[in-house]
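What the coordinates show
Below, each chain spelled out in residue letters.
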Amino acid sequence: MLGEILTAVVTPFREDGSVDLEVFRSLCEFLLENGSDGVVVTGTTGESPTLSDDERMSLYAAAVDAVGGRGTVIAGTGTYATAHSIHLTERAHAIGVDGFLVVTPYYNRPPQRGIVAHVEAVAAATDRPIVFYDIPSRVVVDAEPETISRLAEIDNVRAVKQAKPSIDAARHVVSCGLDLYAGDDDLVLPFLEVGGLGGICVHTHVVGPRVRELVASYRSGDVERAHALDQELRPAIEILRVQTNPIAIKKALQLLGHEVGGLRLPLVEADEAETTRIRSCLEQLGLVGALAA
């Protein structure tokens, strides 16, 4: 098992736009100390489309160095090109990551059998666990139940990160014997209720301990407490809805004192109105006041 709560970690940048590995290491350690079992590096939240291959590898190496042995490191090596995904997977495997996140190829819109062939080819490049990432809002193509069933037949495909709200689809993932991770942060509790393992989250950058408590409460049978925490975390979900990820979570981290820097174009910084909304959510969560204290 790769962990119940994984954080899809942001990529910090310096003022000149280069990757800030020192801040990245510190952030990975912070996340492990605040509820996360591991980190997913160079996912959507990590601005992977704007990173070079060498930058990706430097981030994987830094994550392994920072949390290896204490937490898991999942490398987001899936792209829209199978050959490139294999190349990234082989290099990340050599660095020592614990597993791989492989998204449905985006932009080129493969048929369902193409998704299976893509994941199968990438999975053959490693003997470590593959997490398939089903996120139709970004890749357009929706992985159908039969596709999930076929992916489950690949030996090292162990889990699905599902970023769509279909409970039927979530149940199907579990019925295939795969670990189910919530790919949208508001799905953590609903997916736990149908046999899910946990979540690959973004809001855990700022509310990790409470998400950890939610999962632990549900697992211990305190469903009432889990639902109460789910409601308490609503402002954290609202942060993510302010603007395209990771614009809002980076601003939230900045407001909480984490020097994660800006974003790479075509993403842009949160504007004044967006920043006000993000700050309001942090206030509702009691985080801004806690920081000031």
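Look above for the structure.
The notes below deal with the structure included here. All values reported here derive from a predicted model rather than from experimental measurement.

Counting its regular elements, the protein contains 14 helices and eight strands. Scaling as 2.2 N^0.38, a compact globule of 293 residues should have a C-alpha radius of gyration of about 19 Å, and the protein matches this with 18 Å. Across the 293 residues of the protein, 54% fall into the buried class. Nonlocal contacts in the protein, meaning residues at least 24 apart in sequence, comprise 66% of its contacts between residues at least 6 apart. When the accessible surface of the protein is totalled, it reaches about 12100 Å², and 49% of it is carbon and sulfur. Here the protein contributes 25 positive and 41 negative side-chain charges, whose respective centroids are spaced 2 Å apart.

This part takes up the pairing of strand 1 (residues 5-8). Of the two faces of strand 1, the one lined by Ile5 and Thr7 and the one lined by Leu6 and Ala8 are each fully buried. Pairing geometry for strand 1 and strand 2 (residues 38-41), over three bridges, is parallel. Within the sheet, the bridge partner assigned to Ala8 lies in strand 2 and is Val40. Handedness of the β-α-β unit built from strand 1, helix 1 (residues 21-33) and strand 2 comes out right-handed.

Once that is clear, we can look at the packing of helix 9 (residues 204-219) against helix 10 (residues 223-232). The geometry of helix 9 relative to helix 10 is characterised by a closest axis approach of 7 Å and an angle of 155 degrees between their N-to-C directions. Between helix 9 and helix 10, the crossing angle belongs to the class labelled roughly antiparallel. Crossing of helix 9 over helix 10 shows left-handed handedness. The segment helix 9 lies against helix 10, with Arg210, Glu213, Leu214, Ser217 and Tyr218 engaging Val223, Arg225, Ala226, Leu229, Asp230 and Glu232.

Time to look at the sheet that holds strand 3 (residues 72-76). In space, the eight strands of this closed barrel follow the order 1-2-3-4-5-6-7-8, with parallel pairing throughout. When the angles between neighbouring strand axes are averaged without regard to direction, this sheet yields 25 degrees. Inspection of the sheet shows strand 7 (residues 179-182) paired to strand 8 (residues 198-201) by two bridges, in the parallel sense. Bridge assignment links Tyr181 to a residue of strand 8, and that residue is Gly198.

Okay, the nonpolar core next. One finds Val41, Val119 and Leu214 to be the most contacted residues of the largest nonpolar core, which totals 79 residues. With seven residues, helix 2 (residues 53-67) is the largest single contributor of residues to this core. Apart from residues lying up to four places away in sequence, Leu214 is in contact with Val188, Leu189, Leu192, Ala226, Leu229, Asp230 and Leu233. Ranked by size, the runner-up nonpolar core spans 16 residues in total, among them Ala8, Val131, Val139 and Ala163.

With 13 residues, helix 13 (residues 272-284) should reach 18 Å at 1.5 Å per residue; the first-to-last C-alpha distance of 18 Å fits that figure. Of the residues that open helix 13, the one with a side-chain oxygen 3.2 Å from the backbone nitrogen of Ala273 is Asp271. Within two residues after helix 13, Gly286 carries a phi angle of roughly 75 degrees, on the positive side.

The subject of this paragraph is the pattern of salt bridges. Within this structure, the stated rule accounts for 15 salt bridges. Where Arg212 meets Asp37, a salt bridge forms, and the shortest distance between an N and an O atom there is 2.6 Å. Taken together, the positions of Arg212 in helix 9 and Asp37 in the loop between helix 1 and strand 2 put the pair 175 residues apart, joining distant regions of the chain. Classification of Asp37 by relative accessible area gives partly exposed; the value is 24%. Sharing partners across several salt bridges, the network here consists of Glu4, Asp37, Arg212 and Arg219.

Within the secondary structure, Glu269 is located in the loop between helix 12 (247-255) and helix 13. With relative accessibility at 40%, the residue Glu269 sits in the partly exposed group. Along the primary structure Glu269 and Lys251 are separated by 18 residues, whereas in three dimensions their C-alpha atoms are 7.6 Å apart.

The subject of this paragraph is unusual backbone geometry. The residue after Asn245, namely Pro246, is reached through a cis peptide bond having omega 10 degrees. For Pro246, the location among the structural elements is in the loop between helix 11 (234-241) and helix 12. Along the chain, Leu265 connects to Pro266 via a cis peptide bond; the corresponding omega equals 15 degrees. In this fold, Pro266 is placed in the loop between helix 12 and helix 13. Its identity as a non-glycine residue notwithstanding, Glu47 has a phi of 55 degrees, on the positive side. Note on placement: Glu47 falls in the loop between strand 2 and helix 2. The class for Glu47 is buried, based on a relative accessible area of 2%. One non-glycine residue, Tyr107, adopts positive backbone phi at about 75 degrees. When its relative accessible area of 77% is taken as the criterion, Tyr107 is described as exposed.

Cut-off values and rules
Residues numbered from 1 in each chain as written. Predicted model: local features only at pLDDT ≥ 70, side-chain atom pairs only at ≥ 80, totals over all residues. Heavy atoms only, no water. Helix = DSSP H or I, 4+ residues; strand = E, 2+ residues; numbered from the N terminus. Rg over C-alpha atoms; globule rule 2.2 N^0.38 Å. Buried < 20%, exposed > 50% of the residue type's maximum accessible area, 1.4 Å probe, protein only. Contact = heavy atoms within 4.5 Å. Areas by Shrake-Rupley, 256 points an atom, 1.4 Å probe, with all protein chains shown as cover. Lys, Arg positive; Asp, Glu negative; His and termini not counted. Charge placed at Lys NZ, Arg CZ, Asp CG, Glu CD. Pairing = 2+ DSSP bridges. Right-handed = clockwise from strand over helix to strand, strands pointing away. Axes fitted to C-alpha atoms, helices over the stretch in contact; angles between N-to-C directions. Parallel < 35°, antiparallel > 145°, perpendicular 65-115°, else oblique. Left-handed = near helix turned anticlockwise from the far one by under 90°. Core = buried A, V, L, I, M, F, W, Y, C linked by side-chain atoms within 4.5 Å. Expected span 1.5 Å × (residues − 1). Polar contact = N/O pair within 3.5 Å; in protein donor to acceptor, adjacent residues only side chain to side chain. Salt bridge = Lys/Arg side-chain N within 4 Å of Asp/Glu carboxyl O.

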